[in-house]
Amino acid sequence: MSQSKILLVDDDASLLRLLSMRLKAADFTVVTAASGRQALARLPTFQPQVIITDLRMEGMDGLTLFNEVHSRYPSLPVIILTAHGTIPDAVDATRKGVFSYLTKPFDSQQLLENIAAALHHAGPQTDSGNDDEDQAWRREIVTTSPRMDELLKQAWRVAQTDVSILVQSESGTGKERLAQAIHAASPRHEGPFVAINCAAIPEALLESELFGHRKGAFTGADRNHTGLFEAANGGTLFLDEIGDMPLEFQSKLLRVLQEGEVRPLGMTQALPVDVRIISATHRDLEAAIDEREFREDLYYRLNVVMLELPSLAERCEDIPLLASHFLNQLQQRSKNCQARSFSREAMELLMAAPWPGNIRQLLNVVEQVSALTTTPVISVALVQRALRGKGREILPLGEAVSQFERDYLVQILQMTRGNVCQAARLAQRNRTDFYKLLHRHQLEPALFRHN
């Protein structure tokens, strides 16, 4: 078992050093930060399981740090250290989601007990290099992305419950793979995992496929058929592309979820079923509700907890890992696969591509270039051909900053309908500076006043 990781934050160097020594002596891996800003900078690479921070610090205080952490990593426990005079602030912080607070002075045992509770709350580590048994549930998910790491922590925690989960993401991001991991982490892991693509089944067959039928229920029903709800009894049923389920059928699904029983076609008696529902969609279901294409009551029944998978472009640090993983799989399946690696230029091109098809598209590209290569190292020319010249331009930093600044100014002028005083106030700049920014980007406030 690898050591648990703690990020320790305090602007008091002597206290920071003392606490760090105590925690390292207790067999924790500790990284320190002398400010809230420094702590935020260390989060993506260190990926701690617990943050311990002082409440009163120069610049960014502990509560502001918590708010920043919570917005990016909502499942990461934060313990706040506070003096007697700031107890009301600490109590208020726990109401906002801070895991716990300790009043100075505190003894080491008290601190260790709080850390142990926080680690239990956080769940098992999700480091990709950890081969412990408690990581088996997510071993099929290939990632080193901090964003994916946070998602997996949330997935593990919700897997311990029996609530319905909605996975929201673009097509090709691995929704079914995540659903399988949740099932593997759940108390239902010894039960069946059954998946169905709701968009792939004709409406006329959907009821029979999900609920089953008995012999003679309709023309052509020459034998009994067990529905997927029955097949998944005691386990998990994964409803992929739930947003494409016909509206007329949604009421039937809702009734099954409410009653916990199904009635196969041709039967008068309902059968009890015990299944955990994980659904997934690439559609905006709230927009579909507004357009009367999806039932609102079904949406809230399915969406007890929503997990949002990032697109491949949002976790581009995983591209080299995934590309190598797919290449290794191809080598194991085919003795004729000559490809062993990608050239540096080819990998850079993969990293810069936009990937509208996400992981599924990356797999397709790897399969294509491995089939065409005549050398062990895959060339950039083959990757260019597979991508059909579609590369994402990496802007120089100065140009990217300028582009972001202009887009920000346009957005804020649209919000305020060209009111410079209001826009400057929202941007927390004085009017003189704000006008200079507008002049730099050649933006005329008057053009936004009639939008």
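Every chain is numbered independently, its residues counted from 1 as its sequence is written. The predicted origin of the model limits local features to residues at a pLDDT of at least 70 and limits the giving and counting of side-chain atom pairs to 80 or more, whereas totals for whole chains, interfaces and linings rest on all residues. Just so you know, side-chain values use all the structure's heavy atoms and leave hydrogens and water out.

Peer 1: Whenever I open this one, the overall build of the protein chain confuses me. Can you help?
Peer 2: Under the DSSP-based scheme used, a helix requires at least four consecutive residues in state H or I and a strand at least two consecutive residues in state E, with every element numbered from the N terminus. Across its full length, the protein chain holds 19 helices and 16 strands. Principal axes of the C-alpha set define a box for the protein chain whose edges measure 80 × 60 × 55 Å. Burial classes: relative accessible area under 20% of the type maximum marks a residue as buried, over 50% as exposed, and values in between as partly exposed (1.4 Å probe, protein chains only). Every one of the 451 residues in the protein chain was classed for burial, and the buried ones make up 45%. Put simply, of all contacts in the protein chain between residues at least 6 apart along the chain, 69% involve residues at least 24 apart. Note that accessible areas follow from Shrake-Rupley with a 1.4 Å probe, and for residues the cover is restricted to the protein chains shown. Per element, the accessible surface of the protein chain, about 23,500 Å² overall, is 49% carbon and sulfur. Any two residues having at least one pair of non-hydrogen atoms within 4.5 Å are treated as being in contact.

Peer 1: When you look at the packing of aromatic side chains in this model, what are you seeing that I'm missing?
Peer 2: Within a pair of aromatic rings, the relevant descriptors are the distance that separates the centres and the angle that separates the planes. Classification of ring pairs rests on two measures: the distance between centres of Phe, Tyr or Trp rings, Trp counted by its six-membered ring, which must be within 6.5 Å, and the angle between planes, read as stacked under 30 degrees, edge-to-face over 60 and tilted in between. Counting across every chain of the model gives five aromatic pairs. Here the aromatic rings of F193 and F238 are separated by 6.3 Å at their centres, their planes lie at 20°, and the arrangement is stacked. A residue pair is termed long-range when its members are at least 10 positions apart, and F193 in strand β7 (residues 193–197) and F238 in strand β10 (residues 236–240) qualify at 45 residues. Centre to centre, the rings of F404 and Y408 are 6.4 Å apart; their planes meet at 25°, and the pair counts as stacked. Separated by four residues within a single helix, F404 and Y408 lie in helix α17 (residues 397–416), roughly one turn from each other. Ring pairs connect the aromatic residues F211, F229 and F249, which therefore count as one cluster. Definition used: whenever NZ (Lys) or CZ (Arg) falls within 6 Å of the ring centre and also within 35 degrees of the ring normal, the charge is taken to sit over that ring. Here the guanidinium or amino end of K5 rests over the ring plane of F46, the centre of that ring lying 5.4 Å away.

Peer 1: Just checking my understanding: could you explain unusual backbone geometry for this structure?
Peer 2: Negative phi characterises most residues that are not glycine, and trans characterises most peptide bonds. Even without a glycine there, the phi angle at D27 is positive, about 75°. Along the chain, D27 falls in the loop between α1 (13–25) and β2 (29–33). Of the residues examined, D27 reaches a relative accessible area of 49% and is grouped as partly exposed. For Q442, which is not glycine, the phi torsion reads 55° and is therefore positive. Structurally, Q442 can be placed in the segment after α19 (431–440).

Peer 1: Could you clarify how one ought to interpret empty space enclosed by the protein in this entry?
Peer 2: Gaps between atoms show up when a probe of the same size as a water molecule is rolled over them. For cavity detection a 1 Å grid was placed over the protein atoms alone, and a set of points counts as a cavity when a 1.4 Å probe fits there but cannot get out; an open set counts as a pocket when protein lies on both sides within 12 Å along at least five of seven lines, with lining residues being those that have an atom within 4 Å of a point. Grid points are joined across faces, edges and corners, and a volume is the space filled by probe spheres set on the points. Under the definition given, this model contains two cavities of 30 Å³ or more. In this model, the largest cavity occupies a volume close to 80 Å³. Surrounding the largest cavity, L43, P44, Q47, P48, Y73, L76, P146, D149, E150 and K153 form its lining. Among the secondary structure elements, those contributing two or more residues to the lining of the largest cavity are α2 (36–46) and α6 (146–159). By residue number, the principal contributor to the lining of the largest cavity is α6, which donates four residues. Think of it as three bins: nonpolar holds Ala, Val, Leu, Ile, Met, Phe, Trp, Tyr, Cys and Pro, charged holds Asp, Glu, Lys and Arg, and polar takes everything else, Gly as well. Class assignment for the residues of the lining of the largest cavity results in six nonpolar, one polar and three charged.

Peer 1: Help me understand the nonpolar core in this model?
Peer 2: For soluble globular proteins, nonpolar side chains are generally found buried alongside one another. Definition used in this section: a nonpolar core is a set of buried Ala, Val, Leu, Ile, Met, Phe, Trp, Tyr and Cys residues joined via side-chain atoms within 4.5 Å. Of all hydrophobic cores here, the largest spans 31 residues; its most connected members are L210, F229, L237, L239, I242, L253 and F294. The set of elements that each furnish at least two residues to this core consists of β7, α8 (203–211), α9 (228–231), β10, α10 (247–259), α11 (285–290) and α12 (296–302). Per-element tally for this core: the top contributor is α10, with five residues. In this structure, A323, F342, L382 and A386 belong to the second largest nonpolar core, which totals 27 residues.

Peer 1: I'm lost on the pattern of salt bridges in this one. Help?
Peer 2: A side chain with one charge can pair with a side chain of the opposite charge if their charged atoms come near. Each reported salt bridge corresponds to a side-chain nitrogen of Lys or Arg within 4 Å of a carboxyl oxygen of Asp or Glu. Per the counting criterion, the structure on display carries 15 salt bridges. Among the salt bridges present, the one from D297 reaches R295, with a minimum N-O distance of 2.7 Å. What you see here is one network of salt bridges that share partners, running through D162, R188 and D274.

Peer 1: Help me out: how do you make sense of helix α15 (residues 358–372) in this one?
Peer 2: In an α-helix there are 3.6 residues to a turn, and that puts residues three or four apart on one side. With 15 residues, α15 should reach 21 Å at 1.5 Å per residue; the first-to-last C-alpha distance of 22 Å fits that figure. Summarising the contacts, the buried residues of α15 are in contact with α13 (319–333), β15 (341–342), α14 (344–352), β16 (377–378) and α16 (380–387). A helix is expected to span 1.5 Å multiplied by its residue count minus one.

Peer 1: It is not clear to me how the pairing of strand β1 (residues 5–9) should be interpreted in this structure. Could you clarify?
Peer 2: The element β1 is largely enclosed, with a buried count of five among its five residues. Here β1 shows no split at all, with K5, L7 and V9 on one side and I6 and L8 on the other all buried. At least two bridges found by DSSP between two strands are what make those strands a pair. Pairing geometry for β1 and β2, over five bridges, is parallel. Note that in β2 the partner of L7 across the bridge is V31.

Peer 1: Would you explain the packing of α15 against α16 in this entry?
Peer 2: Two packed helices can be described by the angle between their axes and the distance between those axes. Interhelical geometry of α15 versus α16 gives an angle of 135° and a closest axis separation of 9 Å. Between α15 and α16, the crossing angle belongs to the class labelled oblique. Taken as a pair, α15 and α16 cross one another with a handedness that is right-handed. Contact residues: V365, Q368, V369 and L372 in α15; L382, V383, R385, A386 and L387 in α16. Class assignment for the residues of the contact of α15 with α16 results in seven nonpolar, one polar and one charged. Note on geometry: axes are C-alpha line fits, over the in-contact stretch for helices, and angles between N-to-C directions span 0 to 180 degrees. Throughout this description, any angle smaller than 35 degrees is read as roughly parallel, any larger than 145 degrees as roughly antiparallel, any in the 65 to 115 degree range as roughly perpendicular, and the remainder as oblique. Less than a right angle of anticlockwise turn of the near helix away from the far helix marks a crossing as left-handed, whereas a clockwise turn marks it as right-handed.

Peer 1: Explanation requested: the layout of surface pockets in the structure shown.
Peer 2: Taken as a whole, the largest pocket encloses approximately 590 Å³ of empty space. Considering the residues around the largest pocket, the lining is formed by 25 residues, among which T173, G174, R177, F326 and I359 are closest to the centre. Looking at the lining of the largest pocket, the elements with two or more residues in it are α7 (175–185), α13 and α15. A per-element tally of the lining of the largest pocket places α13 first, with five residues. Class assignment of the residues belonging to the lining of the largest pocket gives a composition of nine nonpolar, six polar and 10 charged.

Peer 1: Could you clarify how one ought to interpret a negative patch on the surface in this entry?
Peer 2: On the surface, a cluster of negative charge is contributed by D284, E286, D290, E291 and E296. Position of D290 relative to the elements: it lies in helix α11. Nonpolar side chains (Val, Leu, Ile, Met, Phe, Trp, Tyr) within 5 Å and like charges within 9 Å form the patches, drawn only from residues with over 30% relative accessible area and no salt bridge. Two residue types count as positive, namely Lys and Arg, and two as negative, namely Asp and Glu; His and chain ends fall outside the count. The location of each charge is read from NZ of Lys, CZ of Arg, CG of Asp or CD of Glu.

Peer 1: Looking at this structure, I do not really get the sheet that holds strand β3 (residues 50–54). What am I missing?
Peer 2: Where strands meet in a sheet, backbone hydrogen bonds hold them as pairs that are either parallel or antiparallel. Judged by pairing direction, the sheet is parallel, and its five strands sit side by side in the order β2-β1-β3-β4-β5 without closing on themselves. In this open sheet, the two strands that pair with only one neighbour each are β2 and β5 (100–103). Recorded for the sheet is a direction-independent mean angle of 20° between the axes of neighbouring strands. Taken together, the four bridges between strand β4 (residues 78–82) and β5 define a ladder with parallel strand orientation. Among the inter-strand pairings, L81 is bridged to a residue of β5, identified as L102. Each of β1, β2 and β3 touches α2; the most contacted strand, β2, lies at about 145° to it.

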